[in-house]
Amino acid sequence: MNLIYDEMALTDLEDVPGPDLLQVITAAYRTPTYLSGAATTVVAEANGQVVGAAFGYPGDQEEVVDDVMADLTAKSAAFEVPYEAEQETTPGEWYLDSLAVDPHYQGHGIGRRLLQALPQYAKQDQETVIGLNVDRENPGAFRLYDRMGYQVTGTQMIGDHTYDHMQLPIGKLAHVMDA
């Protein structure tokens, strides 16, 4: 997940030393809010090691999730001010905030399998649409989401990058996966 924050090139985080940022990210993913409270973290394992992770939540929980990082960064001496994330979700969707696969395991279907697991969590949260933002500078990720049936519904600036907002009605996912 640290790679995602690095690739996003968020100006609010550029002066924070890498080890300090990693410590805060690790602490966030150990909180009940991130693991199975307002948000859900799904992991893929190989040989007893985590090789991929998906992190998401109902869009109406975005503020609760973002408050975790704000609180942790407020307690860290490495941050001059608490980190305030930009709004990324669209109302009425289960938002896939992050999907990451260990570079050594990319191209082995891990990302696809993580995406296939998400509808059950969205349904548990009474959501019928999964949404995400994909960086236009990451065409491989765009192709994956496109193949899985996600469609572009708009664009958004996050940090210094332009993102395509993509959505997938959950009912469509089963048809794409069976094909």
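Residues numbered from 1 in each chain as written. Predicted model: local features only at pLDDT ≥ 70, side-chain atom pairs only at ≥ 80, totals over all residues. Heavy atoms only, no water.

Colleague: Whenever I open this one, the sheet that holds strand S1 (residues 40–46) confuses me. Can you help?
Modeller: Each strand in a sheet pairs with its neighbour through backbone hydrogen bonds, running either in the same direction (parallel) or in the opposite one (antiparallel). An order of S1-S2-S3-S4-S6-S5 is seen for the six strands of this open sheet, with the pairing classed as mixed. Each having just a single partner strand, S1 and strand S5 (151–158) make up the two edges of the open sheet. Taken pair by pair, the neighbouring strands of this sheet meet at an average axis angle of 25 degrees, ignoring direction. Each of S1, strand S2 (49–58), strand S3 (94–101) and strand S4 (129–135) is contacted by helix H5 (residues 110–124), which is oriented at about 155 degrees to S3, the strand it contacts most. (Pairing = 2+ DSSP bridges. Helix = DSSP H or I, 4+ residues; strand = E, 2+ residues; numbered from the N terminus. Axes fitted to C-alpha atoms, helices over the stretch in contact; angles between N-to-C directions. Contact = heavy atoms within 4.5 Å.)

Colleague: Before we go on, may I ask you to explain the nonpolar core in this structure?
Modeller: Taken as a class, soluble globular proteins show a tendency for nonpolar side chains to be buried jointly. Leu 96, Leu 99, Leu 115, Leu 118, Ile 130, Tyr 145 and Tyr 150 are the most contacted members of the largest nonpolar core, which totals 25 residues. Breaking this core down by element, the ones donating at least two residues are S1, S2, S3, H5, S4, helix H6 (139–147) and strand S6 (161–169). Looking at which element gives the most residues to this core, the answer is H5, with five residues. (Core = buried A, V, L, I, M, F, W, Y, C linked by side-chain atoms within 4.5 Å. Buried < 20%, exposed > 50% of the residue type's maximum accessible area, 1.4 Å probe, protein only.)

Colleague: What am I meant to see in the side chain of Glu 127 here?
Modeller: Its place among the elements puts Glu 127 in the loop between H5 and S4. Here Glu 127 sits buried without a salt bridge, and the closest side chain of opposite charge, Lys 123, lies 13 Å off (N-O distance). Not counting residues up to four positions away in its chain, the partners in contact with Glu 127 are Pro 58, Gly 92, Glu 93, Trp 94, Ala 122 and Ile 170. (Lys, Arg positive; Asp, Glu negative; His and termini not counted. Salt bridge = Lys/Arg side-chain N within 4 Å of Asp/Glu carboxyl O.)

Colleague: In this structure, what is going on with the pattern of salt bridges? I would like to understand it.
Modeller: Side-chain pairs of opposite charge can arise whenever the charged atoms involved come near each other. Inspection of every chain in the model, using the stated rule, returns one salt bridge. A salt bridge links Arg 136 to Asp 164, with the nearest nitrogen and oxygen atoms 2.9 Å apart. Of this pair, Arg 136 sits in the loop between S4 and H6 while Asp 164 is found in strand S6, placing the two residues 28 residues apart along the sequence.

Colleague: Is there a simple way to explain helix H2 (residues 18–28) in this structure?
Modeller: Three- or four-residue spacings in an α-helix give side chains the same orientation, since the helix completes a turn every 3.6 residues. Listed in full, the buried residues belonging to H2 are Leu 21, Val 24, Ile 25 and Ala 28. All buried residues of H2 project into a common sector of 100 degrees when viewed along the axis, lining one side. Away from its buried face by more than 90 degrees, H2 exposes Pro 19 and Gln 23. (Arc of directions from axis to C-beta.)

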